[in-house]
Amino acid sequence: MRHSSKLPTIKTTIFTTIGNLARKHKATDLSQGFPNFEADPKLIQLVSKAMQNGHNQYAPMQGHYGLREAISGKILKAHNYEYHPETEITITVGATQAIFTAITAFIHTGDEVVVIKPAYDCYEPAIMLNGGIPVYLQLPARDYSIDWEAFQKLITAKTKMVILNTPHNPTGRILSNEDMLKLEAILRPTNILLLSDEVYEHIIFDSKDHESACRYPDLAKRSFICASFGKTFHVTGWKVGYCVAPEPLMAEFRKVHQFAVFCVDHPVQRALAEYLQDKNHYLHLNDFYQKKRDLFLEGLDASRFTFKPSAGTYFQLLDYSAITDEHDEDFAKRLITDYKLASIPISSFNSKKENNMMLRFCFAKKRETLEEALDILNRI
Ligand SMILES: Cc1ncc(COP(=O)(O)O)c(C=O)c1O
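Residues numbered from 1 in each chain as written. Predicted model: local features only at pLDDT ≥ 70, side-chain atom pairs only at ≥ 80, totals over all residues. Heavy atoms only, no water.

(A) Fine view of the site of the ligand. Around the ligand sit Gly94, Ala95, Thr96, Tyr120, Asn165, Asn169, Asp197, Val199, Tyr200, Ser228, Lys231 and Lys239, and those are all the residues in its vicinity. A distance of 2.7 Å separates an oxygen atom of the ligand from a polar atom in the side chain of tyrosine 200. At a separation of 2.6 Å, an oxygen atom of the ligand approaches a polar side-chain atom of lysine 239. Calculation on the ligand without its partners gives an accessible area of 400 Å², and the protein chains cover 93% of this total. For the shell around the ligand, the element with the most residues is helix H4 (residues 94-106), which contributes 3 residues. Split by residue class, the shell around the ligand holds 4 nonpolar, 5 polar and 3 charged. (Near = heavy atom within 4 Å. Polar contact = N/O pair within 3.5 Å; in protein donor to acceptor, adjacent residues only side chain to side chain. Areas by Shrake-Rupley, 256 points an atom, 1.4 Å probe, with all protein chains shown as cover. Helix = DSSP H or I, 4+ residues; strand = E, 2+ residues; numbered from the N terminus. Nonpolar A, V, L, I, M, F, W, Y, C, P; charged D, E, K, R; others polar.)

Next comes the structure, spelled out in structure tokens:
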């Protein structure tokens, strides 16, 4: 049978390629972004309780109301912005489905979407499947800060959406109040939508604040904010997240959501609603992951890798330019085969696969895994 691919340029992701190689060589794996420790047993018990209490049939299409109420309260407390649980919050199959749905609901053929690179890999396929055109702003290696003048030059009459991610995967950078004000000023005279990927909202270090798009009135009114309970509560395999947006935007979002998935895992939603009653569960996360970041960075003192400490997320970039001039994909593969350590090459996140001589390491790992990795890194 003949068929023409809708995504002819998309290949198997680097995460799968590196993950397979890491398993084959039994490497210490700091590549993919998930914890190798267990979630809070209390949360797992709550899921089991929800199943035993009979919450085993479809949840409401928009999500369990109690969970939407808890999310509304959490955002109001953190950012002083109120999303109405009835009309402005939808529970999704992870942030990935929230992102796909927001793009599908609004991007028409020929619409341009500004994507800031390096970027997480699920944005562009969604844009392309909907006939949209990704327009790239490639950030400079090492610094990875946004040049807002260069950003503004990419805005045209065809620009429909901008995608932002803070805290940022893979660089570990966070956007500042000044960044958000500049973005707000650029978008103010336009009808451009903002898709704000905030899945690492609760993993920010050194007492910095998370600058959610909803803190900025002129951004809030045009924003879809996507979040992930998988990232926040160490349960990436549960794939439950949410999207918040002002009512008119959310109404369009739900038109797609109801036919893409209709609804999301019911017992998990019940459990999360109860678990979120105790806000300490997410408030302690910054500290928890900062200790892991610091353990990882302090352990690198005998190493030839250099770095700028991650400001958020559970990723740390390491610069290997003092060690070799190999391409990052070749070096990442050689680290697995020769040293049994897996990481992700940054070129795979860049617009033209530029080699920044940087590897991304995930420090959401047990102490012993991090120590094993440090032992190897210090020998390279
Ligand atoms: C920046 C970013 N956005 C979205 C996602 C997807 O989140 P979820 O697993 O909730 O779909 C990830 C996962 O790694 C990510 O790093």
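(B) Layout of the nonpolar core. Phe224 and Phe296 are the most contacted members of the largest nonpolar core, which has 121 residues in total. Element by element, the count of residues in this core is highest for H4, at 7 residues. Of the domains in this structure, domain 1 (14-39 + 283-377) and domain 2 (57-281) are the two that each give at least three residues to this core. (Core = buried A, V, L, I, M, F, W, Y, C linked by side-chain atoms within 4.5 Å. Buried < 20%, exposed > 50% of the residue type's maximum accessible area, 1.4 Å probe, protein only. Domains from an automatic or database assignment.)

(C) Inspection of the pattern of salt bridges at higher detail. In total, this model carries 19 salt bridges according to the counting rule given. Residue glutamate 371 is joined to arginine 367 by a salt bridge in which the shortest nitrogen-to-oxygen separation is 2.9 Å. Of this pair, glutamate 371 and arginine 367 both sit in helix H15 (residues 367-377), separated by 4 residues, roughly a single helical turn. A single salt-bridge network, built from bridges that share partners, covers Glu184, Arg188, Asp218, Lys221 and Arg222. (Salt bridge = Lys/Arg side-chain N within 4 Å of Asp/Glu carboxyl O.)

(D) Representation of the packing of helix H1 (residues 14-24) against helix H14 (residues 328-339) within the structure. Orientation of H1 relative to H14, taken along the N-to-C sense of each, is 25°, at an axis distance of 9 Å. As judged from the angle between their axes, H1 and H14 are roughly parallel. H1 and H14 meet at a crossing whose hand is right-handed. Between H1 and H14, the residues in contact are Ile14, Ile18, Leu21 and Ala22 and Glu329, Ala332, Lys333 and Ile336, respectively. By residue class, the composition of the contact of H1 with H14 is 6 nonpolar, no polar and 2 charged. (Axes fitted to C-alpha atoms, helices over the stretch in contact; angles between N-to-C directions. Parallel < 35°, antiparallel > 145°, perpendicular 65-115°, else oblique. Left-handed = near helix turned anticlockwise from the far one by under 90°. Contact = heavy atoms within 4.5 Å.)

(E) Expanded view of the pairing of strand E7 (residues 223-228). Within E7, 6 of the 6 residues are buried, leaving the element largely enclosed by the surrounding structure. By the alternation rule, side chains of E7 split into Ser223, Ile225 and Ala227 and Phe224, Cys226 and Ser228, which are all buried. Strand direction decides the pairing type here: strand E6 (residues 193-197) and E7, joined by 4 bridges, are parallel. Across the sheet, the residue bridging to leucine 194 is serine 223, located in E7. Relative to strand E8 (residues 241-244), E7 runs antiparallel, the two being bridged by 4 bridges. (Pairing = 2+ DSSP bridges.)

(F) Fine view of the packing of aromatic side chains. Considering all chains together, one arrives at 20 aromatic pairs under this definition. Where phenylalanine 288 meets tyrosine 289, the ring centres are 5.0 Å apart and the plane angle is 75°; that geometry is what we call edge-to-face. For phenylalanine 288, a relative accessible area of 27% puts it in the partly exposed group. When its relative accessible area of 0% is taken as the criterion, tyrosine 289 is described as buried. Site record: aromatic cluster; members linked through ring pairs are Phe37, Tyr200, Phe288, Tyr289, Tyr314 and Phe315. A cation sits over an aromatic face here: arginine 360 above phenylalanine 315, 3.7 Å from the ring centre. Stacked on the ring of phenylalanine 34, the Lys or Arg lysine 365 has its end atom at 4.6 Å from the ring centre. (Phe/Tyr/Trp six-rings, centres within 6.5 Å; stacked < 30°, edge-to-face > 60°. Lys NZ or Arg CZ within 6 Å of the ring centre and 35° of its normal.)

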